[in-house]
Amino acid sequence: MARTAYVNGRYVGIKEPAVRIEDRGYQFADGVYEVIKVVGGELRDLDRHMARLERSLGELRIEPPVSRRALGAVIRETLRRNGLKNAIVYVQVSRGTAPRNHLFPRAPRANLVVTVRRAPFPSAAELQDGCAVITVADQRWGRCDIKSISLLANVLAKQQAAEAGCREAWQIDEKGMVREGSASNAWIVDMQGRLITHPLGPEILGGITRARVIEMAKEEGVEVIERPFTLDEALEAREAFLTSTSSLVMPVVEIDGRSVANGKPGSVTMALQNRYRAAQGMIAKSAVT
Ligand code: PDD
């Protein structure tokens, strides 16, 4: 089936030239986005994604193009037209279309694009085996809490990771602290079994999966410490993992070519992975021990 996208009030073929040359997203990366998971036809954590989108827009002083309700309806219709029940939704809002000028246009009308595609979730084997990451110096801008479409540093880092045979590139700050991945949050489990992840702030994106994992851990009585951790701590940790809407809870078994613990996914990580997948309707609740 040919893919259909939504662009400013119209449903168009994905290959149609539907966005204008002077879209500020295209010329300045002046826009924001969201990535939302759909499982069995249900949008997961939609309210949280909507709230984060509205926050990102507010921080950049972009007027939302449509109401939250209308956006929900557009997303559902796009899914219906593409016949997808397990999918990833991509929502992009740019400041609008105007003759190229760094200054905000006088009366901007934000451009809204919604695309959907078949879910690229990790396979059961990938979730079982975990992944390797490299580390890179963080070269991103100072407002990583905004889900901006300006992702050049993230693109370069992820490419570098892929060329090294790794899934992610952990961003290291000037003090040697691990911030997050290029498209996921970073975690370790210390020798006391506590979860450690970078605190919210301009250095990281407040992941929806991150928030879910914190809630699940607390329900299980697992202590969560939101503080920066060093690369050395990660290398000496009992377990490490990453989280994102599409990678779920993914064990990290190797960092810069060095094994984390015995090089196998840890039990805390796997328990969280199972709970998360069950909570998101990706496996039966009875599969969680
Ligand atoms: N990435 N940190 C960064 C820099 C991200 O880009 C993402 C998400 C996350 C995790 O956020 P969440 O749990 O809400 O997906 C953390 C999306 C999936 C992407 O860019 O495709």
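For the structure itself, look to the data block above.
Owing to the predicted nature of the structure, the values given are computational and were not obtained by experimental measurement.

## Brief notes about the pairing of strand 5 (residues 87-94)
1) Next: By the criterion of burial, strand 5 is predominantly enclosed, with 7 of the 8 residues buried.
2) Next: Relative to strand 6 (residues 111-118), strand 5 runs antiparallel, the two being bridged by 8 bridges. Residue pairing for strand 6: Ala87 is matched across the bridge by Arg118.

## So, a nonpolar patch on the surface
1) Next: A cluster of nonpolar side chains, contributed by Leu152, Val155 and Leu156, occupies part of the molecular surface with about 310 Å² of accessible area.
2) Next: Considering the arrangement of structural elements, one finds Leu152 in helix 5 (residues 152-163).
3) Next: Taking relative accessible area as the criterion, Leu152 reaches 60% and is therefore assigned exposed.

## Topic: the sheet that holds strand 6
1) Next: Read across the sheet, 6 strands follow the order 2-1-6-5-3-4 without closing on themselves; strand pairing throughout is antiparallel. Two strands lie at the open edges of the sheet, namely strand 2 (10-13) and strand 4 (42-43), each paired on one side alone.
2) Next: Note: strand 3 (residues 31-39) against strand 4, 2 bridges, orientation antiparallel. Looking across to strand 4, one finds that Val38 is bridged to Leu43.
3) Next: Along the sheet, helix 3 (residues 68-82) contacts strand 1 (4-7), strand 2, strand 3, strand 4, strand 5 and strand 6; its crossing angle with strand 6, the most-contacted strand, is approximately 40°.

## A word on the site of the ligand
1) Next: Close contacts around the ligand come from 18 residues, with Tyr33, Glu180, Ile208, Thr209 and Thr245 the closest.
2) Next: The separation between an oxygen atom of the ligand and a polar side-chain atom of Tyr33 is 2.8 Å.
3) Next: The separation between a nitrogen atom of the ligand and a polar side-chain atom of Lys147 is 3.4 Å.
4) Next: When isolated, the ligand has an accessible area of 470 Å², and the protein chains bury 89% of it.
5) Next: Elements with a contribution of two residues or more to the shell around the ligand: strand 3, helix 6 (208-219) and strand 14 (239-244).
6) Next: Both domain 1 (4-118) and domain 2 (124-287) contribute no fewer than three residues apiece to the shell around the ligand.

## Details of the side chain of Asn82
1) Next: Take Asn82: it is sitting in helix 3.
2) Next: For Asn82, a relative accessible area of 7% translates into the label buried.
3) Next: Polar contacts involving the side chain of Asn82 include one to the main-chain carbonyl oxygen of Thr78, which spans 2.7 Å.
4) Next: Dropping the residues within four chain positions of it, Asn82 is found in contact with Met1, Ala2, Arg3, Thr4 and Val116.

## Description of the environment of Leu60
1) Next: In this structure, Leu60 sits in the loop between helix 2 (46-59) and helix 3.
2) Next: Sequence separation of Leu60 and Val32 is 28 residues, and the distance between their C-alpha atoms is 8.7 Å.
3) Next: Filtering out sequence-adjacent residues up to four positions away, Leu60 remains in contact with Gly31, Val32, Arg95, Phe104, Trp141 and Ile146.

## Let's talk about helix 2
1) Next: Between its first and last C-alpha atoms helix 2 spans 20 Å; for 14 residues at 1.5 Å apiece the expected length is 20 Å, and the two agree.
2) Next: Listed in full, the buried residues belonging to helix 2 are Leu46, His49, Met50, Arg52, Leu53, Ser56 and Leu57. Taken around the axis of helix 2, the buried residues stretch over an arc of 165°, which confines them to a single face.
3) Next: Next to the buried residues of helix 2 lie strand 3, strand 4, helix 3, strand 5 and helix 6.
4) Next: Within two residues after helix 2, Arg61 carries a phi angle of roughly 55°, on the positive side.

## Remarks on the pattern of salt bridges
1) Next: On inspection of all chains with the given rule, the structure shows 21 salt bridges.
2) Next: Put simply, Arg95 and Asp30 hold a salt bridge, and the shortest N to O gap is 2.7 Å. Taken together, the positions of Arg95 in the loop between strand 5 and strand 6 and Asp30 in the loop between helix 1 (24-28) and strand 3 put the pair 65 residues apart, joining distant regions of the chain.
3) Next: Overall, Arg95 belongs to the buried group, its relative accessible area being 5%.

Procedures and definitions
Residues numbered from 1 in each chain as written. Predicted model: local features only at pLDDT ≥ 70, side-chain atom pairs only at ≥ 80, totals over all residues. Heavy atoms only, no water. Buried < 20%, exposed > 50% of the residue type's maximum accessible area, 1.4 Å probe, protein only. Helix = DSSP H or I, 4+ residues; strand = E, 2+ residues; numbered from the N terminus. Pairing = 2+ DSSP bridges. Patch = residues over 30% accessible without salt bridge, like charges linked within 9 Å, V, L, I, M, F, W, Y side chains within 5 Å. Areas by Shrake-Rupley, 256 points an atom, 1.4 Å probe, with all protein chains shown as cover. Salt bridge = Lys/Arg side-chain N within 4 Å of Asp/Glu carboxyl O. Contact = heavy atoms within 4.5 Å. Axes fitted to C-alpha atoms, helices over the stretch in contact; angles between N-to-C directions. Near = heavy atom within 4 Å. Polar contact = N/O pair within 3.5 Å; in protein donor to acceptor, adjacent residues only side chain to side chain. Domains from an automatic or database assignment. Expected span 1.5 Å × (residues − 1). Arc of directions from axis to C-beta.

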